[in-house]
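# Residue-level structural notes
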Amino acid sequence: MCGGQHPAMFSQPTFPGLTGPALLSLALSLAAPASHAQQAPASLAFSDFFVQPIGPRGLQPTARLLAAQGREVQLVGFMVQREHAQPGHFLLTPRPVSMAEHADGEADDLPASTVTVVLPAAQRSAVVAHTAGPLQLQGRLEFGPVEVEPGRVSWLRLHLAPGALANPSSAP
Amino acid sequence: MKPHLILSLMAAVAAGTAAAAPQVTRLTPPSELFSSGRADPVIARFLPGQRFDLQATIKADAGQKITAARFLVDGKPVAATVALRDCAGGCVKGLGAETAIATVRAVSADAAGRHEFQVEAMQSDGQRVVARGNFDVVPFAAAMGPKVKNIIILLGDGMGASQRTAARLVQGYAQGKALQPLAMDSFSATALVKTASLNSIVTDSAPGMTAYVSGNKNNNNEEGVFPDDTVDAFDNPRIEYLSEYLHRTQGKQLGIVTTADVFDATPAGNAVHTSNRGAGTGIVDQFFDDRSRTGLAVLMGGGRKWFLPAGTPGSARADSTDYAFSATDAHTAEIVKRWGAAPGAMDKGRDLIAAFQSAGFTYAATKTDLDRADTAKPLLGLFAFSNMNVALDKINGRRGTDRNGLGGASVVEDFGLPDQPMLDEMTTQALAVLKRAPKGFVLMVEGASIDKQAHAMDTERWMLDTLEFDRAVRVAQDFAAEQGDTLVIVTADHECSGAALIGGATVTDKALAELAGKKGVANLRNSVVGVYEKAGFPRYRLAADGYPETTDIDYRLLVGYGANADRYEDWRTKKTPQRDGQQPFATQPPLKWYPANAQERDDALGEFLVTGQVPGEQAVHTATDVPLSAYGPGALAFTGVIDNTDVFFKLAQAAVKGVVAPADTSGSRKPPKPRR
């Protein structure tokens, strides 16, 4: 029915120090991943993932979601504003949401269709700053349960292509 | 012997004897007698017969073991199994493997007054260590009136005096008089409550709740337990909850209603014992598995993600947030034996909704289900996957306004949950079920997102959540007025954000939007904020559903924040998703690496930066006292400046022995009927 078990666990959340390679504010544009899929990426909305309105129990993946699994998709959403931004990934939602992890933990205001946007492997230790406003992102869609942080299970992931984001610069 | 050799020998002997004694490093229940040697203030207090655990952490000398331990209360050995374990594994960092933890589960004392207790431990080399602590048993007083059958605790999370006042202001004032007081304003008595936790002047929702329903201070993030030195979150020394005590001694039932995820600290802090308020899987399991201890008959709110088996999309169940007690290790086996608690299981694949249904509960997933529920049966309602949507967004969903999502839908539609009940509707159904409880009930109703939206400094959303909460207060008050045997209290766990009602806008909403376009302090503060008499009386028009037609009124109420993080302020209601029809989507958005330029944070227009006094992104809780209002038989007992733990004893007095004060200032036993 749904994607298989992915026991992968992301790196332990640590609030990044400002040491190491200097993390400057850089405007980095997303490059179209030219080396990837031949066909144009499918354009999906959050409302395409699960049958809406949600039924009495869990989420029911739609045919569109199942067909898009493992494929390049384009998705427009809002980056969740977190108290403690995590390295290597950020959360994307159909509405702007902020989190107060210290006070609320997993009693959060996130919708069930929240997508975890995963940075390319080479950038897993970097932290993306919160960007307001709707973002259009492209990546490979993955559906299935992964415990992305202790106690937090993600069902949808968007894997950004290597080279989609430029590396953090160590320039002064 | 040469002098230097004699000195070396003496030094060696001195060094050896100075370190050679086992040491008690923690004694539970906590006491100043143990911590500082002072008998007062007494920290731990219990009702006659209220159960709690005794525990001690005993450090052994190098190369030694603790071989035995026993506890005495008032000089008499406690006749119950002492579970003795070491710290070869499972203890907090810094404790040697031979550190021992000795525990006796579920003891109680009946005699009123001060009790001294001690632990005596034996080390393998024959040395003995003794440590002393104390606790009080608070006696019941002779009643001057009837017992109450039911207790309703309405808790506005983060709701201090400012939040209450703001909600009343929205209902309108004329020449200084409130047009329509809040339901909570009409309660007979009000006290000021001190909210400090066991380990801080600034509490959080876990000890903020459990103080009221256990009579004891807990550490931040911990609920229904005292702190310990193991990493297991579910093995901590327990304190019997009001629900457990009244269920055990009187057969009362328990209802828990919240707009938050039901595993959250305020709802869980009425029934679940854990030192980790985030252990969601274990917490919801314990709601169900220990319902024969608490009398749980109604559980409603969000948090469906914890109740779905791990393979079902949307589930958050995981081993990392679950627990299972060892049946062979006395340290946890005695919890099962002495408390009658379930042992738990690592069972993320469990279908907990099905379990509730098999146990006879009705399950409601929507308001439609809730309205149809058979109130002769216990009730489980899970209306969202985590927290429910806030009042403003639920109301807009019902009105069909603010359909400004990316796909033209409302917030609740974007969440896939268009049919969520309001808190007053949930309270009505909870009371319909609990009213049938033959021996009465304890019901806790939480307006959870007053706090959550205050953290976000989203003025309009916490104001409307406070109005929604007051409507639930009204439902409870009407129930109590009709029944005559129900005590209702409205309170808060703490205040959140240091909300300050600074004045009113001196401009219309249209002008405010234009000033945001002009940007900056001169335009958004100096030209807008009306203080003193310039504040006047903001006028919100209430729609037929009782909520403001809009929160973006001319000459609106302005709220500042004393416990604020950095934010941009333009004073206007955050219309998620802030999509401006004129602004195209960014197709190739610049993503920035942390740290971001502060200028780019936040969604408010106008660049009026209010620098925060706290670091980070969210406003925080404050240490300020909060108001508590009481209605019903014995309400006048709730006056004065009281400790949050005092409330527990007052509630128990009313239910177990009978009230000790009149219902209102006229001296009446019956509460005055509210004027509607």
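Here is the key point about a regular strand: its side chains alternate between the two faces of the sheet. All names here are of chain B. With seven bridges connecting them, strand β4 (residues 66–73) and strand β8 (residues 113–123) associate as antiparallel partners. Residue pairing for β8: A69 is matched across the bridge by A121. By the bridge criterion, two bridges tie β4 to strand β5 (residues 76–77) in an arrangement that is antiparallel. Its bridge partner being in β5, V73 is matched across the sheet by K76. Following β4, the chain reverses through two residues before pairing antiparallel with β5; D74 in that reversal takes a positive phi of roughly 55°.

Residue and element names in this part refer to chain B. Here we have three strands laid out as an open sheet, ordered β22-β21-β23, and antiparallel in their pairing. Looking at the sheet topology across the chains shown, the edges are occupied by β22 (529–530) and β23 (557–561). When strand β21 (residues 499–505) meets β23, the two strands line up antiparallel, connected through five bridges. Counted as the bridge partner of L501 is V559 from β23. Across the sheet, helix α3 (residues 161–170) lies against β21 and β23, angled at about 30° from β21, the strand it touches most. Each of β21 and β23 touches helix α16 (residues 459–483); the most contacted strand, β23, lies at about 105° to it.

Another aspect to go through is the packing of aromatic side chains. On inspection of all chains with the given rule, the structure shows 19 aromatic pairs over all chains. Residues B:F46 and B:F135 carry aromatic rings whose centres are separated by 5.7 Å and whose planes lie at 75° to one another, so their mutual orientation is edge-to-face. Taken together, the positions of B:F46 in strand β2 (residues 45–46) and B:F135 in strand β9 (residues 128–137) put the pair 89 residues apart, joining distant regions of the chain. The class of B:F135 is buried, set by a relative accessible area of 0%. An aromatic cluster of three or more residues is present, and its members are A:F46, A:F49, A:F50, A:F143 and A:W155. Sitting above the plane of the B:F288 ring, B:R291 keeps its charged end 3.9 Å from the centroid.

All right, on to the sheet that holds strand β7 (residues 100–107) of chain B then. By way of backbone hydrogen bonds, the strands of a sheet pair with one another, either parallel or antiparallel. All names here are of chain B. With antiparallel pairing, the four strands of this open sheet are ordered in space as β1-β3-β7-β6. Because the sheet does not close on itself, it has two edges, and the strands there are β1 (23–28) and β6 (83–86). Adjacent strand axes in the sheet meet at a mean angle of 15° when their direction is disregarded. For β1 and strand β3 (residues 52–59), the ladder comprises five bridges, and the chain directions are antiparallel. In the strand pairing of β3, R26 is matched with T57.

All names here are of chain B. Taken as a whole, helix α5 (residues 242–250) has its buried residues at L242, S243, E244, Y245 and L246. Its buried side turned inward, α5 meets β10 (150–156), α4 (205–214), β14 (253–261), α8 (291–294), β18 (441–447) and α19 (644–656). Looking one or two residues beyond α5, the residue adopting positive phi is G251, at roughly 80°.

Attention now moves to the pattern of salt bridges. Evaluated as defined, the whole model comprises 49 salt bridges over all chains. The partner of B:K510 in a salt bridge is B:E514, with the nearest N and O atoms 3.5 Å apart. Pair noted here: B:K510 and B:E514 are both in helix α17 (residues 509–518), with a separation of four residues, about one helical turn. In this structure B:K510 comes out as exposed when scored by relative accessible area, which is 62%. Taken together, the shared-partner salt bridges in this structure form one network comprising A:R82, A:E101, A:D108, A:E149, A:R152 and B:K305.

All names here are of chain B. Topologically, E495 is positioned in strand β20 (residues 495–496). Here E495 occupies a buried position and makes no salt bridge, while the nearest side chain of opposite charge, R164, is found at 12 Å. Reaching out from E495, the side chain makes a polar contact with the side chain of Q163 at a distance of 3.0 Å. In this structure the side chain of E495 is engaged in a polar contact, spanning 2.7 Å, whose partner is the side chain of T622. Excluding its chain neighbours within four sequence positions, the residues that come into contact with E495 are G158, G160, Q163, H621, T622 and V626.

Chain-level statistics for chain A give a pLDDT mean of 78 and a share of 72% at 70 or above. Across residues 1–37 of chain A, where pLDDT falls below 50, the model places 83 contacts with residues more than four positions away in sequence or in other chains.

A few words now on the side chain of A:E106. Here A:E106 shows up in the loop between α2 (101–104) and β4 (115–118). It is A:R152 that comes nearest to the buried, bridge-free A:E106 among opposite-charge side chains, at 4.7 Å. Setting aside residues no more than four positions away along its own chain, A:E106 makes contact with A:P150, A:G151, A:R152, B:D261, B:F263, B:G278, B:K305, B:W306 and B:S386.

Quick notes on the rules
Residues numbered from 1 in each chain as written. Chains lettered and ligands numbered in written order. Predicted model: local features only at pLDDT ≥ 70, side-chain atom pairs only at ≥ 80, totals over all residues. Heavy atoms only, no water. Pairing = 2+ DSSP bridges. Helix = DSSP H or I, 4+ residues; strand = E, 2+ residues; numbered from the N terminus. Contact = heavy atoms within 4.5 Å. Axes fitted to C-alpha atoms, helices over the stretch in contact; angles between N-to-C directions. Phe/Tyr/Trp six-rings, centres within 6.5 Å; stacked < 30°, edge-to-face > 60°. Buried < 20%, exposed > 50% of the residue type's maximum accessible area, 1.4 Å probe, protein only. Lys NZ or Arg CZ within 6 Å of the ring centre and 35° of its normal. Salt bridge = Lys/Arg side-chain N within 4 Å of Asp/Glu carboxyl O. Lys, Arg positive; Asp, Glu negative; His and termini not counted. Polar contact = N/O pair within 3.5 Å; in protein donor to acceptor, adjacent residues only side chain to side chain. pLDDT = per-residue confidence, 0-100.

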